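Observations on the model geometry
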Amino acid sequence: PNSNPSSRRHMGLPWWKRRLLWALKGDASLLPSHIAIIMDGNRRFARKKHLGTGEGHRSGFNKLHETLEMCLELGIRHVTVYAFSVDNFNRSAEEVEDLMDLAQEKLSDVMWQRDFLQANEVQIRVAGDMSLLRPSLRAAVEQLTQATQHHSKAILTVCLAYGSRHEMHEA
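Everything in this summary refers to the structure shown in the same document. (Residues numbered from 1 in each chain as written. Predicted model: local features only at pLDDT ≥ 70, side-chain atom pairs only at ≥ 80, totals over all residues. Heavy atoms only, no water.)

Things to note about the nonpolar core
Within soluble globular proteins, side chains that are nonpolar tend to cluster in buried spots. Test applied: Working definition of a nonpolar core: buried Ala, Val, Leu, Ile, Met, Phe, Trp, Tyr and Cys residues. They are joined through side-chain atoms within 4.5 Å. Remark: exposure states derive from per-residue accessible area (1.4 Å probe, protein chains only) relative to the maximum for the residue type, with buried under 20%, exposed over 50%, and partly exposed in between. The helix and strand labels rest on DSSP assignments: H or I over at least four residues marks a helix, E over at least two residues marks a strand, and numbering proceeds from the N terminus. Residue contacts follow a heavy-atom distance rule, with two residues in contact if any of their heavy atoms lie within 4.5 Å.
V79, V122 and L156 are the most contacted members of the largest nonpolar core, which totals 34 residues. Elements represented by at least two residues in this core include exactly α2 (15-26), α4 (53-74), β2 (78-85), α5 (93-112), β3 (122-127), α7 (135-148) and β4 (154-162). If near-sequence neighbours (up to four positions away) are discounted, V122 is found in contact with L72, L117, T148, H151, A154 and L156.

A word on α7
Definition in use: Residue count minus one, scaled by 1.5 Å, sets the expected span of a helix. By construction, the arc corresponds to the directions joining the helix axis to the C-beta atoms.
In a regular helix each residue adds 1.5 Å, so 14 residues correspond to 20 Å; α7 covers 20 Å between its end C-alpha atoms and thus fits that length. Turning to α7, its buried residues are L137, A140, V141, L144, T145 and T148. Down the axis, α7 shows its buried residues gathered within 125° of arc, on one side only.

A word on the environment of T53
Tracing the backbone through its elements, the reader meets T53 in helix α4. Note: C-alpha distance between T53 and L99 (46 residues apart in sequence) is 9.6 Å. If sequence neighbours within four positions are ignored, T53 has contacts with R43, A46 and E95.

As structure tokens, this is what we get:
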């Protein structure tokens, strides 16, 4: 058995993900310094799996979390996540509320992981029109960005209430 803690951490991953991690870590020149992730397809996933829309979004977030951990391990230091565009406000009130609840829950979860954020020096930035978010979510964003503002090894930018048309209109 391999005694490498990193290897043990990935034992639950499918063989092809473990192989990919191993291969990429062998040649850092193959890795980008910045990746962007568009959170799309969670509703389609939920329908395909006969789940509620909220469960589809939650599953998408869990995959995002796994991906972010792999990025840190591989040395990818800048990640941008396009999580909630202004167009998403056109969805049903129930789905928008579920997404806002999920965003607030996950931002609060991240605050409980301060040791992880500090050990990896992850700075959290949030981009978008914060005035469109409910006050409790804006407060969670502010708390998280303030708590990590001096971290400098990795940057995670989360885009909430973003959109080019909206930004041009507001300019």
